[in-house]
Amino acid sequence: MEINGIAVKDGMEGDEDLSFLLMGGELLKVRSNSWKKSRFFKLQEDCKTVWHESHKSRRTDQTFSIDDIAEVRPGRRTEELQKYTEELAEDRCFSIIFKGRRKNLDLVAGTEEEATKWVNSLEKVINNVRNLNSQQQTEHWIFNCMRKADQNSDNKMSLKELKRFLLEINIEVDDAYAEMLFEKCDKSKSGYLEGSEIEDFYKLLTSREEIDVIYGKYAQTGGQMSARDLLHFLLQEQRESVSLEDAQKLIEKYEVDDIAKEKQHMTKDGFLMYLNQPEGMILNPAHKDVYQDMTRPLSHYFISSSHNTYLMEDQLKGPSSTEAYIRALTKSCRCLELDCWDGSEGEPVIYHGYTLTSKILFKDVIKAIKEYAFKTSEYPVILSLENHCSMEQQKIMAEHLTSILGDALLTKPLGDQVPTTFPALEELKGRFLIKGKKLNSLEDAFAGNAAGEETVSEDDEAADILTDEEKKEKESKLKLAKELSDLVIYCKSVHFHGFDHTRDNQAFYEMCSFKESKAEKLAVDSANEFIHHNVNKLSRVYPAGSRTDSSNYNPVPLWTAGCQIVALNFQTPSAEMDLNQGLFLPNGKTGYILKPAFLQDEATEFDPITLTRGPWLQHKTLHVMIISAQQLPKLSKKESSIVDPLVKVEIYGVQQDLASKQTHHIDNNGFSPMWNENFQFEICVPELALVRFVVEDYDAVTQNDLIGQYTVPFSSLQNGYRHVPLLNNCGDFIPSARLFVHIMAVDGD
């Protein structure tokens with residue numbers, strides 16, 4: 001086993017595209033009209049890292065990992081390439097779009113063929129890396145660290161290089177232990193490890209005592225697990241409703257030893273392979289794809305929603321970008337906000353009014369939304385218009401919406417009768433719904449009656465940042481173009497005048513928007529009324545204007561009050577965004593989650609504050625054992641910096657269910673820390689509960705740093721021994737990093 005024999009090459013040996021990337025080539029890097037420079041790009045031997053350098057200075061610029069790439073986008077399809085390159089260069093351009101906040105890499109190849117080759121080759125390697133199983137990811141990560149530690153690139157490992165390697169993989173050991181490991185593997189007594197000795201070292205390093213114990217308990221057939229032994233484990237520990245045939249299928253699917261597989265046995269390696277697959281993960285695999293009833297009315301679902309979607313950073317002077325819409329859509333966001341203002345040359349623009357945030361063309365945003373709306377989810381997208389435009393530019397907005405979105409834009413109610421309720425979510429697949437002001441009622445529009453007044457009261461969330469004096473000076477009435485008004489069907493914006501008024505006067509398609517403070521007050525003081533309101537009407541909640549740093553509020557109390565559209569700043573990594581990602585993790589990542597039955601019932605007596613008796617009270621006791629973690633990432637680039645991890649388990653839901661418990665921290669071990677700590681939680685309303693696992697780097701002086709986290713609805717947990725994947729602060733998976741836990745949810749007293 002050579003140090004460079006890395007798992008990413010599996011299935012790609014001799015591949016033409018891989019060879020092309022390993023050879024590298026010249027590309028023009030574009031940043032502005034005046035900054036266009038030739039750089040030599042090349043995939044490194046680890047098949048994971050791309051570096052580029054200037055030929056003139058021979059200076060190596062930034063490197064990046066294949067894991068950091070969100071998308072390779074052919075053509076002039078970023079704002080920068082559209083601004084700084086000619087249309088004639090369309091087929092020679094491509095962009096590398098990164099996860100998180102890293103800027104795009106905009107590139108121009110010498111020929112169209114060359115650009116196509118780069119795009120296809122990068123996509124092939126990216127897909128290969130993403131398709132590695134967990135064991136291959138671990139091998140890939142470890143051997144990449146070995147390669148870095150092998151300073152003289154001789155495919156051998158000296159004692160000094162072994163110590164360096166241990167630091168690379170996030171573990172600090174004393175010299176005596178390092179020497180013991182080295183001597184144990186250096187069977188040739190040559191003073192360095194090579195070939196099979198490195199393989200022995202790898203096995204020694206990756207052996208997992210906790211897996212040995214579990215496997216040993218159930219491997220009762222000649223030291224291996226028979227299909228019946230595995231069935232016993234699945235019934236006893238995993239609490240799964242399975243048969244002997246199911247156990248046999250798992251052996252067929254995951255056993256790595258052909259001789260054992262022939263006997264219908266599972267070896268320890270096969271058992272570990274199973275535990276690292278979807279069947280062994282904490283998220284119930286039956287909930288991974290769409291599993292909920294999608295034929296209920298639109299108001300019966302929680303809807304993943306974004307606030308000020310156009311912003312990449314803060315609310316005062318940060319950049320606006322079409323890229324922000326693309327990122328939100330790829331994270332299953334289904335309600336986007338468009339803050340529309342008059343632009344120059346007759347074209348409306350989007351930006352955060354009264355601030356120094358940059359402006360983007362309305363039509364460019366609609367084009368980007370059209371292209372990316374249904375790539376992650378095929379369920380409807382709501383475009384929430386905050387309209388500050390003149391009549392003339394509103395007509396242009398309406399023209400762009402109809403011409404760009406085409407038949408996908410809903411311009412009339414479904415069916416041939418005047419609607420009295422929302423259509424089923426399933427019926428709205430692939431459609432765009434416009435939320436905004438409307439001049440007349442849906443009934444009048446359906447009957448073909450002309451619209452009334454041209455003026456409507458203006459919803460101006462952007463004005464939240466103004467002083468009271470400045471707000472008074474603003475005009476409160478807006479002239480509304482009929483062309484734009486007619487596009488509003490099921491989401492007509494109206495002001496909230498109290499629950500008595502809405503009950504008697506508000507049609508199902510009329511929806512209110514609430515500032516977070518107002519919504520939070522209603523969710524406490526009038527929770528049951530709020531829930532009744534949200535059974536057949538939509539409510540949208542948005543962050544306070546004072547959150548100029550684009551911070552977020554806690555969405556959970558609003559979800560427990562039945563609010564569907566709880567809009568968050570998607571551009572800001574935060575615990576609140578983790579909860580949003582967790583809630584919408586199951587059900588195929590559609591961006592829609594069916595509310596519990598007691599939040600769909602017009603006669604419900606549910607109140608998340610008082611918690612009177614009812615079908616929502618299903619007391620559960622949740623036992624969580626935090627056993628271990630594997631391959632936690634280093635947080636500092638300093639070689640000597642090793643994390644001191646601890647794990648928190650947090651419960652979110654109704655007030656009575658809120659809880660948080662944590663393990664002790666482990667000194668200097670991010671590679672294979674072990675805790676074996678037990679926690680118990682009492683949960684009253686499990687259908688509204690979220691469980692969040694948080695791994696932090698302990699710091700006695702300052703605030704702990706986040707290493708990774710994973711949030712999952714209580715109702716989607718699997719019992720038994722489970723691996724928990726970890727996401728970084730931007731919500732992206734951390735390759736090979738995971739927790740190992742034991743979960744048991746049982747009926748409470």
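Residues numbered from 1 in each chain as written. Predicted model: local features only at pLDDT ≥ 70, side-chain atom pairs only at ≥ 80, totals over all residues. Heavy atoms only, no water.

**Section: the pattern of salt bridges**
Then, in step 1: Counted according to the given criterion, the structure contains 31 salt bridges.
Then, in step 2: The shortest N-O distance in the salt bridge between arginine 540 and glutamate 337 comes to 3.5 Å. Of this pair, arginine 540 sits in strand β22 (residues 539–542) while glutamate 337 sits in strand β13 (residues 335–341); the two residues are 203 residues apart in sequence, bridging distant segments of the chain. The two residues arginine 540 and glutamate 337 agree in class, both being buried.
Then, in step 3: In this structure, the salt-bridge partner of lysine 429 is glutamate 426, at a minimum N-O distance of 2.7 Å. (Salt bridge = Lys/Arg side-chain N within 4 Å of Asp/Glu carboxyl O. Helix = DSSP H or I, 4+ residues; strand = E, 2+ residues; numbered from the N terminus. Buried < 20%, exposed > 50% of the residue type's maximum accessible area, 1.4 Å probe, protein only.)

**Regarding the sheet that holds strand β4 (residues 64–65)**
Then, in step 1: Here we have seven strands laid out as an open sheet, ordered β4-β3-β2-β1-β7-β6-β5, and antiparallel in their pairing. A strand with exactly one partner marks an edge of an open sheet, and here the two such strands are β4 and β5 (69–74).
Then, in step 2: Bridge analysis of strand β2 (residues 36–43) against strand β3 (residues 49–53) gives four bridges, and the strand direction is antiparallel. Within the sheet, the bridge partner assigned to lysine 42 lies in β3 and is tryptophan 51.
Then, in step 3: Contacts between helix α3 (residues 112–130) and the sheet are confined to β1 (25–30), β2, β5 and β6 (93–98), with β5 contributing the most and set at about 155 degrees to the helix. (Pairing = 2+ DSSP bridges. Contact = heavy atoms within 4.5 Å. Axes fitted to C-alpha atoms, helices over the stretch in contact; angles between N-to-C directions.)

**So, the domain arrangement of the chain**
Then, in step 1: We note that the domain assignment places domain 1 (16–132), domain 2 (135–206), domain 3 (209–280), domain 4 (300–445 + 482–599) and domain 5 (620–747) within the chain.
Then, in step 2: Taking the mean C-alpha position of each, domain 1 and domain 2 sit 33 Å from one another.
Then, in step 3: On the side of domain 2, five residues touch domain 1, which itself brings six residues to the contact.
Then, in step 4: For the pair domain 1 and domain 2, the summed buried area comes to about 550 Å², and 53% of that belongs to carbon and sulfur atoms.
Then, in step 5: When the buried area of domain 1 at its contact with domain 2 is split by residue, Asp46, Lys48 and Leu132 rank highest and sum to 81% of it.
Then, in step 6: Linking domain 1 with domain 2 are zero salt bridges, by the criterion used here. (Domains from an automatic or database assignment. Buried area = accessible area lost by both parts, 1.4 Å probe.)

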